[in-house]
Amino acid sequence: MTSSSALADLSLDRSDDGVSGPPLVRFENVYKIYGDGESQVRALDGVSFEIKSGEFVAVMGASGSGKSTTMNMLGCLDVPTRGQYFFRGIDVATLSSDQLALLRRYFLGFVFQGFNLLARTSALENLELPLIYQRLDKATRRRRAMEALDTVGLLGREHHTPAELSGGQQQRVAIARAIVTRPSLLLADEPTGNLDSARSHEIMQLLANLNKEHGLTVVLVTHEDDIAAYAHRRLEFRDGKIIGETDVQHAA
Amino acid sequence: MIGNTLIMALNEIRRNILRSGLTVLGIVIGVAAVIIIVTLGSGTTAQVGSEISKMGSNMLTLMPGGNRRMGGAAGSSPPFEMADVEALRREVPDIAAIAPYAQRTAQVIAGNENRQSNVVGTTGEFIIVRNWNLTSGRTFTLAEEQSGKAVCIVGSTIQTDMFPGQDPIGASIRVGKISCEVIGVLESKGQVMFGGDQDLVVALPIRTYQRRLAGSDRIPQIFISAFTPEGLGPLKEEVTNVMRERRRVPEGEESNFNVLDMTEVSEVMESTIGVMTTFLSAIAGVSLLVGGIGIMNIMLVSVTERTREIGIRLAIGATEQEVMMQFLVEAAMLSAFGGFAGIVIGLAGAAAVAPAINVPFVFEPFTAFLAFAFSAIVGVVFGYMPARRAARLNPIEALRHE
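All values reported here derive from a predicted model rather than from experimental measurement.

Conventions adopted
- Residues numbered from 1 in each chain as written.
- Chains lettered and ligands numbered in written order.
- Predicted model: local features only at pLDDT ≥ 70, side-chain atom pairs only at ≥ 80, totals over all residues.
- Helix = DSSP H or I, 4+ residues; strand = E, 2+ residues; numbered from the N terminus.
- Rg over C-alpha atoms; globule rule 2.2 N^0.38 Å.
- Buried ≥ 20, exposed ≤ 12 C-beta atoms within 10 Å, placed from the backbone.
- Contact = placed C-beta atoms within 7 Å.
- Core = buried A, V, L, I, M, F, W, Y, C linked by C-beta atoms within 7 Å.
- Nonpolar A, V, L, I, M, F, W, Y, C, P; charged D, E, K, R; others polar.
- Pairing = 2+ DSSP bridges.
- Axes fitted to C-alpha atoms, helices over the stretch in contact; angles between N-to-C directions.
- Parallel < 35°, antiparallel > 145°, perpendicular 65-115°, else oblique.
- Left-handed = near helix turned anticlockwise from the far one by under 90°.
- Expected span 1.5 Å × (residues − 1).
- Arc of directions from axis to C-beta.
- pLDDT = per-residue confidence, 0-100.

Peer 1: Just checking my understanding: could you explain the overall build of chain B for this structure?
Peer 2: The number of helices and strands found in chain B is 14 helices and ten strands. Taking 21 Å as the expected radius of gyration for a compact globule of 402 residues, we find that chain B reaches 32 Å, considerably beyond that expectation. Per-residue burial for chain B yields a buried fraction of 44% across its 402 residues. Taking contacts inside chain B between residues at least 6 apart in sequence as the whole, the part at least 24 apart equals 82%.

Peer 1: Is there a simple way to explain the overall build of chain A in this structure?
Peer 2: Counting secondary structure elements, chain A contains eight helices and ten strands. A compact globule built from 252 residues should have a C-alpha radius of gyration of about 18 Å, and chain A, at 18 Å, falls within 12% of that. Its C-alpha atoms give chain A principal-axis dimensions of roughly 55 × 45 × 40 Å. Relative to its 252 residues, chain A shows a buried fraction of 46%. Sequence separation of 24 or more characterises 69% of the internal contacts of chain A that already satisfy a separation of 6 or more.

Peer 1: So what exactly am I meant to see when it comes to the nonpolar core here?
Peer 2: Generally speaking, a soluble globular protein has its nonpolar side chains buried in company with each other. Counting residues in each nonpolar core, the largest one holds 126 residues, and the members touching the most others are Val59(A), Ala176(A), Leu220(A) and Ile35(B). A per-element tally of this core places helix 12 (residues 320-356) of chain B first, with 13 residues. Among residues more than four places away in sequence, those in contact with Val59(A) are Lys67(A), Thr70(A), Met71(A), Val219(A), Leu220(A), Val221(A), Leu235(A) and Phe237(A).

Peer 1: When you look at the interface of chain B and chain A in this model, what are you seeing that I'm missing?
Peer 2: As a measure of interface size, the accessible area lost when the parts come together is often cited. Contacts between the two partners involve 16 residues from chain B and, on the opposite side, 19 residues from chain A. Every element with two or more residues in the side of chain B that touches chain A is listed here: helix 1 (2-15), helix 11 (307-315), helix 12 and helix 14 (395-400) of chain B. A per-element tally of the side of chain B that touches chain A places helix 11 of chain B first, with four residues. Here the side of chain B that touches chain A is composed, by residue class, of eight nonpolar, three polar and five charged.

Peer 1: When you look at the sheet that holds strand 1 (residues 25-34) of chain A in this model, what are you seeing that I'm missing?
Peer 2: Across a sheet, paired strands are connected by hydrogen bonds in the backbone, their directions being either parallel or antiparallel. All names here are of chain A. Taken together, four strands build an open sheet; the order of strands is 2-1-4-5 and the sheet is antiparallel. The sheet is open, and its two borders are formed by strand 2 (41-51) and strand 5 (90-91), each paired with just one other strand. Sheet contacts for helix 2 (residues 67-74): strand 1, strand 2 and strand 4 (82-87); angle to strand 2, the most-contacted strand, approximately 55°.

Peer 1: Help me out: how do you make sense of the packing of helix 4 (residues 123-133) of chain A against helix 5 (residues 138-151) of chain A in this one?
Peer 2: To describe two helices that pack against each other, one gives the angle between their axes and the distance between the axes. All names here are of chain A. Packing of helix 4 against helix 5 leaves a shortest axis separation of 9 Å and a crossing angle of 120°. When the axes of helix 4 and helix 5 are compared, the pair comes out oblique. Along this stretch, helix 4 crosses helix 5, giving a crossing that reads as right-handed. Packed against helix 4, whose contacting residues are Ala123, Leu124, Leu127, Glu128, Leu131 and Ile132, the element helix 5 presents Arg141, Arg144, Ala145, Ala148 and Leu149 at the interface. In terms of residue class, the contact of helix 4 with helix 5 is made up of eight nonpolar, no polar and three charged.

Peer 1: I tried to follow helix 5 of chain A on my own but got confused; where do I start?
Peer 2: Given 3.6 residues to a turn, an α-helix orients residues that are three or four positions apart in the same direction. Residue and element names in this part refer to chain A. Relative to the 20 Å expected for 14 residues at 1.5 Å per residue, helix 5 spans 20 Å between its end C-alpha atoms, a close match to the ideal helical length. Of all the residues in helix 5, the buried ones are Arg141, Arg144, Ala145, Ala148 and Leu149. Around the axis of helix 5, the buried residues are gathered within 140° of arc, so they sit on the same side. Of the residues in helix 5, the exposed ones pointing more than 90 degrees away from the buried face are Ala139, Thr140, Arg143 and Asp150. Each element contacted by the buried residues of helix 5 is listed here: helix 4 and helix 6 (167-179). One or two steps after helix 5, the chain reaches Gly153, where phi turns positive at roughly 75°.

Peer 1: Would you take a moment to explain unusual backbone geometry for this structure?
Peer 2: Most peptide bonds take the trans configuration, and most residues that are not glycine carry a negative phi. All names here are of chain A. Even without glycine at this site, Asn116 takes up a positive phi of about 55°. With respect to the helices and strands, Asn116 occurs in the loop between strand 6 (108-111) and helix 4. With 21 C-beta atoms counted inside 10 Å, the residue Asn116 sits in the buried group. The phi angle at Arg120 is positive, at roughly 55°, despite the residue not being glycine.

Peer 1: Explain the sheet that holds strand 9 (residues 233-238) of chain A here, please?
Peer 2: All names here are of chain A. Strands sit in the order 6-7-8-3-9-10 across an open sheet of six strands; the sheet is mixed. The outermost strands of the open sheet, each flanked by one partner alone, are strand 6 and strand 10 (241-247). Pairwise comparison of adjacent strand axes, ignoring direction, gives a mean angle of 20° for this sheet. By the bridge criterion, six bridges tie strand 9 to strand 10 in an arrangement that is antiparallel. If you follow Glu236 over to strand 10, its bridge partner there is Gly244. Strands in contact with helix 2 are strand 3 (56-60), strand 7 (185-189), strand 8 (217-222) and strand 9; relative to strand 3, the strand with the most contacts, it is inclined by about 140°.

Peer 1: What is the right way to read the confidence of the model for chain B from this model?
Peer 2: Detailed reading of the predicted coordinates is not advisable wherever pLDDT is low. Residue and element names in this part refer to chain B. Residues with a pLDDT of 70 or more make up 94% of chain B, whose mean pLDDT is 87. The low-confidence segment residues 68-74 (pLDDT under 50) makes 13 contacts with residues lying over four places distant or belonging to another chain. As scored by the predictor, the complex reaches a pTM of 0.71 and an ipTM of 0.90.

Peer 1: Explain the packing of helix 10 (residues 262-305) of chain B against helix 12 of chain B here, please?
Peer 2: Residue and element names in this part refer to chain B. Packing of helix 10 against helix 12 leaves a shortest axis separation of 11 Å and a crossing angle of 140°. When the axis of helix 10 is compared with that of helix 12, the two are oblique. Viewed along their axes, helix 10 and helix 12 form a crossing whose handedness is right-handed. Packed against helix 10, whose contacting residues are Gly291, Ile295, Met299 and Val303, the element helix 12 presents Phe327, Ala331, Leu334, Ser335 and Gly338 at the interface. Class assignment for the residues of the contact of helix 10 with helix 12 results in six nonpolar, three polar and no charged.

Peer 1: Can you walk me through the confidence of the model for chain A in this structure?
Peer 2: In this model, chain A carries a mean pLDDT of 89, and residues with pLDDT of at least 70 account for 90%. This model gives residues 1-9 of chain A a pLDDT under 50, and the stretch forms eight contacts once residues within four places in sequence are excluded.

Written as structure tokens, this is what we have:
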């Protein structure tokens, strides 16, 4: 098990997430190229941007615009073909797959369109899963999971399995699972894509609160204007490039 | 983490209890078969040991042939004669009892009943050497032996089959072409190893046997007993010396006969049973292999089914190693459960079968442990490939998997 040595390299200290240090996320002329020759596809075609700690950013664009690739890269699930991605000042391309796993374990939280909870597994167990990988003891896991459930307003539903919860409730459990590890960055990939409009706004309100009250950095992928409106800043993608950056801070 | 991995594996097995059960069926059957075979094998070995000690643990068997083992090239060495028996009796005072032994199969007829039976040519001391009591009647007299009188002693099977509810003493039976009078009945020895019936036997005085049934003076075996088990060693040496002299074996040359004591006979028997047990276990072991492939197959299906779950685990920070470990532990646990079930079923089966085939039930904990360990290893070996496949999944694609 290489986790302890790899961990030392990654520095678990979150104090430098603040505005004073390097930006939480920095893309520097990032390319992601699939295939070669005639059939070459440039999913990302020289993208540069920064996200500071505490921001709420919406990544927008049509399908195939490069927003999903950007999201995967932000989530350390994918690495650039060319260019550099710095997460907390670390060049992600230099990390091993085990170290990437540790970055995800300690610093990143994911919320997906399809919820992606473990089926036939209670909400509580779903929340404990990432904490098991963090090697926390059972009592701590239980306490943190209950806290997270409280934060998303699902206290009392801890023993329900996903099948016994509504779509909105499932997404709340998924958000709780993403924040239970106290990540530096929450990545939400079309989190309202499977929900009706009322539920969508509840979920967005929850994310906005997490950002505002807990200082959680949130990156949201969406193609709906009213959903993106909850963010402070928008990055518009088309054909693998950023075509527009709008600061909507005033709107919030 | 290890505890959690075990709990996760356990939960996963429990969630798919029917499928898990069917998956390990191959392992269960394989282990059960091995346990039954080994248990019955050791039971048979123990029984052979006690059979042989029943035959007389202070008995020697004299056989022609230079081979040290039973069933050697007896044909090349001359057989014994009655004169050898008489010389041994005369020259070796440590002999407690001595009996020649010639044997063949012949038809035995009494009234309307007829049986293919073992017919033995021997002397009156046979029942002493072989530690075999009479339930009624008497053994041969010296006069009957020397004159070759047509009298016989019958085994208990002959009595119960041909004279049900009657005392056969004094009755006349036909053995091959000769008609003889029954003078004694042997007590039952019970079923003997390898299915032969020891009690289906008729004994004739050796001379009667030689002249009227076999038509030759050959004596293929001589049984000799010592007064005590401790006397067996010295007796063996004395018998060897006398026989070497009588058969004119030059100094330094190998004897053209064997003097086997019963421990040697039982060793041969036990090694034969051992070979059979190993052979049958190997066949049963093939089922373990097949069972392992079954586990691999189901684990591969499971990895495909749980692709999305694997994606989630990788996304929330599981390392490849941890995902691999999870599947490996699951496979090992599955097949260890199978092994355990196999041991229980095997022991129950052996306990049920043993009395039916007249073999004692002997539990061997080491074999049980070995079977359990082996089945767990089967799980690890066959779980490795599916586990590695799970660990190497691309999380992005795994999360997109429907």
